[in-house]
Amino acid sequence: MADERLNAISRLLARQGILVAFVIFMIGFALLNDRFLAVDNVLGVVRSSAILGVMALGVTFVVISGNLDLSVGSMMSFSTIVVLDLHDKIGPGLAIPVMFAMTLALGGLIGLLVGYFRLNSLIVTLGMLSAIHGLTLTYSGGKNMDIADKAGTWFSFFGQGSVLGVPVPIILLLGLACLLSVLLAKTPFGRKVYAVGGNGVAATFSGIRRPRVVLMTYLISSFCVAVAGLLQASRSMGSQNTVGQGLELEVLAAIILGGASLLGGSGTVFKTLVGVLILGFIQNGLLLVGLEFYVQYVVTWLIIILAVWLDIAAKRGRLLSPIA
Amino acid sequence: MSVQTPALRLVGIVKTFPGVRALDGVSFEVLPGEVHALLGENGAGKSTLMKVLAGMHQPDEGAIFIEGRKVTMRTPLEAKAQGVVLIHQELSLAEEMSVAENIYLGELPRKRFGLVDRPTLLAKAGAILERLNCRFGPEATVGDLSIANKQMVEIARALTVDAKTVVFDEPTASLTDAEKVVLFDIIRDLKARGVGVVYISHRMEEIFTISDRISVLRDGSHRGTLITADTDEDAVTQLMIGRSLDLSRNHEAPDLGPVALEVRGLSCDALFSDISFKVHSGEVVGFYGLVGAGRTEIAETLFGLRTPSAGAIHLDGREVKISSPVSAIENGISLVPENRKEQGLVLGMNCRDNITLPQVGDLTAGPFVSDGAEIAIFDHYRDKLEIKTPNWRQLVGNLSGGNQQKIVIGKWLSMRPKVLIVDEPTRGIDVGSKSEIHKLIRDLARQGYAVIVISSEMPEVLHVSDRIIAMYQGRIMREFTAEEVTEDTLVQAISGIVANGDRAA
């Protein structure tokens, strides 16, 4: 009996190791600080995780198909700067679709290079990280971008508004998550994404147009970046050129925390969402505990590495990798 | 022979894993200068026994003796130090490094300051390669070698230690016939030096060529040891699967329908040229030839994976252009590829999704994949092909080789093709599943499919084909009907020897 229960626990740990670790973190932080689980704090965390979350949803598709996207951080800076600049020039109603089109064009370019030209995604998106950053600086002339009349526009709705008491960023995050989750789990396209990432050669042998699938994942990723850029611009109504810097790594951290494999073929939208929230709550918890801002970086990443290690160890059944 | 002290002796080895008794009191010995073949279906316990031998697993019960001394081997390194060397089926070489470095990896000769002593390294490696009659030098890069030569490097690595027992695990899986001859020479050489050789293989003919004794495992227990000279394939098969395998020549008169596929003058650069043949529906056409004769490349061209440089493909009398797998599938051509793990399956996906993968775009209800339609297809082919899996959610990677192959076949049958191409239908599959797959191929022809079978195993080609096309260096040498073909003429044809006037029109 006891053995069976132990077995069940170890199976749960093996399958949901990260989730269990998450619950332990949560309890720990809650004991250290009674504000941690207060409703306004929880809502605050979800809300501030929205931008990262939206981006992570898109990159999830790229990662499942077996590729990487390191360009999303600088692409988000680009979207934010472009939409802020165009806001005053052509008005929000036109600025938003134009910004989306430009961001999708960048995603399409990456998809073309990785999918059709079969270039390594790490190299392409690392290159695009810098190239897009340069593009953004060229566009803005290196200056910060601000909306002149911050009070006289409906543009602030996306980042600051709320519907029936729920902040719009949360609605957008959850809405997009539902939509993309259905796309990934229920449609033929989603199945093809898993197949291409699981075994690209077998997918080709099964008549799946692999380049097209890869292109689509980058278009989805860049669409999500555009949404994130819109949220960012609308929340702050002004921005530096480097607003998205480093987010590409946090996005990957969230996806890995969720339990997707960087080798492709596994992962879900829901898992990514869990990963995003874990990351958000860790950072928030450290803040509430009173850790200095710079130290937080160190501790956050140590926790991420620890969590991933525990997860892998639980799957392997031991802490260190076997030699053979 | 029994007066000799065995080079290696296992007594009553028991190894259990959670829920499985993988080895159930297995005893096994190999004498110095003996080749002892180890046979068994997938899952019979061969690989577990091997891992026990190599120090990767610790037995729960039983003992291991080397030259009469009781030993324990806790790691592969300890096993090597005791003189037990394993030559893996899957090669584990550093592709970018030189042959010499690979041979002495982990024990590179050193100079002062820990620098590698290159002259000594090359000299020592060169001596071993010479002993093996290798045609490449110690400075060659491993990545540039053929698979057979890579295997030679593995063997050379084994010879750096004073091996008392060498275990070969399916060594010929990717070798050509000529390379096999070299390998067998090496094994005979080891034998002459008094090394005990354990030879694991699925291929009956090889076992009878090379071994002195044959031990058979089934369901984790030792079913018997036979002296090779006193037994035959039937007796061994009986021990392995509890019944005999039918590899008799195909004498069934095919019920030929119209010509389903006609290929005229198909060429593809240096790979093959001027290939013309017909396949009727209801007929199995076998392609036989050496590795590299161009058989797989023809299949890949018919499936749109290669672009032909000349020639035409006709389906049902109509010329078709096949530019991609997508258009091949649309035209009713299906390919069961030669390498099922790399080309045939997404191992991390479940059984159902693998079967429906080529048509998942059509199995929809509104914008969504229809679960019901998918499960119906899976159920149909699970029953039809007798795929053994607990349920459709099982990951394909967890199935046995035979069942995996049935999943690939099911996947392509579910596309209802006009022409089904099966490349190496039973590679790496145990004897029991092999005969099931042969029967299946015959059944498909009877149901009116036009089937092309590519195989490197002569008994298989003779067993399933109505006609046999013999290929040599990218050309069709001769076409045989099932009645006229003999093993001799077939071997001659694939070796490029054609008797005068024998070339078929």
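Residues numbered from 1 in each chain as written. Chains lettered and ligands numbered in written order. Predicted model: local features only at pLDDT ≥ 70, side-chain atom pairs only at ≥ 80, totals over all residues. Heavy atoms only, no water.

**Digging into the overall build of chain A**
Logical step 1: Counting its secondary structure elements, chain A contains 13 helices and four strands.
Logical step 2: Taken against the 2.2 N^0.38 rule, which gives 20 Å for 324 residues, the C-alpha radius of gyration of chain A at 20 Å falls within 12% of a compact globule.
Logical step 3: Buried residues in chain A amount to 51% of all 324 residues.
Logical step 4: Expressed as a percentage of contacts within chain A between residues at least 6 apart in sequence, the contacts between residues at least 24 apart total 79%. (Helix = DSSP H or I, 4+ residues; strand = E, 2+ residues; numbered from the N terminus. Rg over C-alpha atoms; globule rule 2.2 N^0.38 Å. Buried < 20%, exposed > 50% of the residue type's maximum accessible area, 1.4 Å probe, protein only. Contact = heavy atoms within 4.5 Å.)

**Focus on the overall build of chain B**
Logical step 1: Within chain B, the regular secondary structure consists of 17 helices and 22 strands.
Logical step 2: The C-alpha radius of gyration computed for chain B amounts to 25 Å, which stays within 12% of the reference 23 Å derived for 505 residues, consistent with globular compactness.
Logical step 3: Projected onto its principal axes, the C-alpha positions of chain B cover 70 × 50 × 50 Å.
Logical step 4: A total of 505 residues make up chain B; the buried ones form 54% of that total.
Logical step 5: Partitioning the contacts of chain B with sequence separation of at least 6, the portion at a separation of at least 24 is 65%.

**Notes on the interface of chain A and chain B**
Logical step 1: On the side of chain B, 30 residues touch chain A, which itself brings 19 residues to the contact.
Logical step 2: With both chains or domains summed, chain A and chain B bury close to 1,800 Å², and 69% of this area falls on carbon and sulfur atoms.
Logical step 3: Interface area lost by chain A to chain B is led by Arg191, Phe205 and Ser206 of chain A, which between them contribute 41%.
Logical step 4: The interface formed by chain A and chain B contains two salt bridges. (Buried area = accessible area lost by both parts, 1.4 Å probe. Salt bridge = Lys/Arg side-chain N within 4 Å of Asp/Glu carboxyl O.)

**Looking at the packing of aromatic side chains**
Logical step 1: Taken as a whole and judged by the stated rule, the model has twelve aromatic pairs over all chains.
Logical step 2: The interplanar angle of 50 degrees and the centroid separation of 5.3 Å between the aromatic rings of Phe29 of chain A and Phe36 of chain A together place this pair among those described as tilted.
Logical step 3: The class for Phe36 of chain A is buried, based on a relative accessible area of 1%.
Logical step 4: Every member of this aromatic cluster is reached through a ring pair, and the members are Trp154, Phe155, Phe157 and Phe158 of chain A.
Logical step 5: A cation over an aromatic ring shows up here: Arg9 of chain B above the ring of Phe65 of chain B, its NZ or CZ 5.0 Å from the ring centre.
Logical step 6: Residue placement shows Arg352 of chain B over the ring face of Trp392 of chain B; its charged tip is 3.9 Å from the ring centre. (Phe/Tyr/Trp six-rings, centres within 6.5 Å; stacked < 30°, edge-to-face > 60°. Lys NZ or Arg CZ within 6 Å of the ring centre and 35° of its normal.)

**Comments concerning the sheet that holds strand S22 (residues 475-481) of chain B**
Residues and elements named next belong to chain B.
Logical step 1: Taken in spatial order, the six strands make up an open sheet running S16-S19-S20-S13-S21-S22, and their pairing is mixed. Edge positions in the open sheet fall to strand S16 (333-336) and S22, since each of these has one partner strand only. Geometrically, the sheet is characterised by an average inter-axis angle of 20 degrees between neighbouring strands, direction not taken into account.
Logical step 2: Its contacts with the sheet put helix H9 (residues 295-302) on strand S13 (284-289), S16, strand S19 (419-423), strand S20 (450-455) and strand S21 (467-472), and the angle it makes with S20 is roughly 145 degrees.
Logical step 3: Packing against the sheet, helix H15 (residues 431-446) makes contact with S13, S19 and S20, and its axis sits at approximately 155 degrees to S20. (Pairing = 2+ DSSP bridges. Axes fitted to C-alpha atoms, helices over the stretch in contact; angles between N-to-C directions.)

**A look at the nonpolar core**
Logical step 1: In terms of nonpolar packing, the biggest core is built from 93 residues, with Val54, Met55, Leu57, Phe155, Leu180, Val251 and Leu257 of chain A touching the most fellow members.
Logical step 2: The dominant element in this core, judged by the number of residues it contributes, is helix H2 (residues 39-64) of chain A, at 13 residues.
Logical step 3: Within the second largest apolar cluster, 64 residues are counted, among which are Leu266, Ala299, Tyr381 and Leu413 of chain B. (Core = buried A, V, L, I, M, F, W, Y, C linked by side-chain atoms within 4.5 Å.)

**Let's talk about helix H5 (residues 147-159) of chain B**
All names here are of chain B.
Logical step 1: Along its 13 residues, H5 runs 19 Å from first to last C-alpha, staying within 8% of the 18 Å computed at 1.5 Å per residue.
Logical step 2: Of all 13 residues making up H5, eleven are buried, and the element is well covered by its neighbours.
Logical step 3: Buried residues belonging to H5 abut strand S6 (84-87), helix H3 (99-103), helix H4 (118-131), strand S7 (165-169) and helix H6 (177-192). (Expected span 1.5 Å × (residues − 1).)

**Thoughts on the pairing of S13 of chain B**
Residues and elements named next belong to chain B.
Logical step 1: The buried fraction of S13 amounts to six of the six residues, a majority that puts the element mostly inside the structure.
Logical step 2: As defined by bridge partners, S13 adjoins S21 across five bridges and the pair is classed as parallel. By the bridge assignment, Val285 is partnered in S21 with Arg467.

**Describing the packing of helix H7 (residues 168-186) of chain A against helix H10 (residues 210-236) of chain A**
All names here are of chain A.
Logical step 1: Axis separation between H7 and H10 bottoms out at 11 Å; the angle between their running directions is 170 degrees. Classified by the interaxial angle, the pair formed by H7 and H10 is roughly antiparallel. Listed contacts from H10 to Pro169, Leu172, Leu176, Leu180 and Leu183 of H7 are Ile220, Phe223, Cys224, Val227 and Leu231.
Logical step 2: Residue composition of the contact of H7 with H10, grouped by class: ten nonpolar, no polar and no charged. (Parallel < 35°, antiparallel > 145°, perpendicular 65-115°, else oblique. Nonpolar A, V, L, I, M, F, W, Y, C, P; charged D, E, K, R; others polar.)

**A word on the pattern of salt bridges**
Logical step 1: Counted under the stated rule, the structure contains 31 salt bridges over all chains.
Logical step 2: Put simply, Asp466 of chain B and Arg442 of chain B hold a salt bridge, and the shortest N to O gap is 3.2 Å. With Asp466 of chain B in the loop between helix H16 (458-464) and S21 and Arg442 of chain B in helix H15, this residue pair connects regions lying 24 residues apart in the sequence.
Logical step 3: What you see here is one network of salt bridges that share partners, running through Arg191 of chain A together with Arg352, Asp353, Asp371 and Glu374 of chain B.

**Comments concerning the pairing of strand S12 (residues 272-280) of chain B**
Residue and element names in this part refer to chain B.
Logical step 1: Here strand S11 (residues 259-268) runs beside S12; their pairing, made up of six bridges, is antiparallel. In the strand pairing of S12, Val259 is matched with His280.
Logical step 2: The antiparallel hairpin formed by S11 and S12 contains three residues in its connecting segment, where Asp269 sits at a positive phi of about 40 degrees.

**Digging into the sheet that holds strand S8 (residues 196-200) of chain B**
Residues and elements named next belong to chain B.
Logical step 1: Overall, mixed pairing links the six strands, which are arranged S6-S7-S8-S3-S9-S10 in an open sheet. The outermost strands of the open sheet, each flanked by one partner alone, are S6 and strand S10 (221-227). Sheet twist, expressed as the average angle between the axes of neighbouring strands with direction ignored, equals 20 degrees.
Logical step 2: Relative to S7, S6 runs parallel, the two sharing four bridges. Counterpart to Leu86 in the pairing with S7 is Val167.

**Topic: unusual backbone geometry**
All names here are of chain B.
Logical step 1: Here Asp269, not a glycine, exhibits a phi torsion of approximately 40 degrees, which is positive.
Logical step 2: Within the secondary structure, Asp269 is located in the loop between S11 and S12.
Logical step 3: Phi is positive for Asp316, which is not a glycine, with a value near 50 degrees.
Logical step 4: Mapped onto the elements of the fold, Asp316 is located in the loop between strand S14 (310-315) and strand S15 (318-320).
Logical step 5: When its relative accessible area of 48% is taken as the criterion, Asp316 is described as partly exposed.

**Some thoughts on the side chain of Asn354 of chain B**
All names here are of chain B.
Logical step 1: With respect to the secondary-structure elements, Asn354 resides in helix H12 (residues 351-356).
Logical step 2: Its relative accessible area of 0% is what places Asn354 among the buried residues.
Logical step 3: When sequence neighbours within four positions are dropped, the list of residues in contact with Asn354 reads Leu345, Val346, Met349, Val396, Ile407 and Lys411.

**Details of the state of the cysteines**
Logical step 1: Enumeration over the complete set of coordinates arrives at zero disulfides over all chains.
Logical step 2: No disulfide involves Cys178 of chain A; its sulfur sits 13 Å from that of Cys224 of chain A, the nearest cysteine. (Disulfide = S-S within 2.5 Å.)

**Here we look at helix H5 (residues 121-140) of chain A**
Residue and element names in this part refer to chain A.
Logical step 1: Between the first and last C-alpha of H5 there are 28 Å, a value that for 20 residues agrees with the 28 Å anticipated at 1.5 Å per step.
Logical step 2: In this structure, the buried side of H5 is in contact with helix H3 (72-90), helix H4 (92-116), strand S1 (145-146) and H10.
Logical step 3: The residue sitting at the N-terminus of H5 and contributing the capping side-chain oxygen is Asn120; that oxygen lies 2.7 Å from the backbone nitrogen of Leu122.
Logical step 4: Once H5 finishes, Gly141 follows within two positions and takes phi at roughly 65 degrees, a positive value. (Polar contact = N/O pair within 3.5 Å; in protein donor to acceptor, adjacent residues only side chain to side chain.)

**Things to note about the confidence of the model for chain B**
Residue and element names in this part refer to chain B.
Logical step 1: For chain B, per-residue confidence averages 86 on the pLDDT scale, and 95% of positions sit at 70 or higher.
Logical step 2: Here residues 499-505 is modelled with pLDDT under 50, and outside its nearest four sequence neighbours on either side it reaches six contacts, counting other chains as well.
Logical step 3: Among the prediction metrics, the complex's ipTM stands at 0.86, with pTM recorded as 0.79. (pLDDT = per-residue confidence, 0-100.)

**Points about a nonpolar patch on the surface**
Logical step 1: A surface patch of nonpolar side chains, about 780 Å² in accessible area, is lined by Leu249, Phe293, Tyr294, Tyr297, Val298, Trp301 and Leu302 of chain A.
Logical step 2: By the secondary structure assignment, Phe293 of chain A is in helix H13 (residues 293-316). (Patch = residues over 30% accessible without salt bridge, like charges linked within 9 Å, V, L, I, M, F, W, Y side chains within 5 Å. Areas by Shrake-Rupley, 256 points an atom, 1.4 Å probe, with all protein chains shown as cover.)

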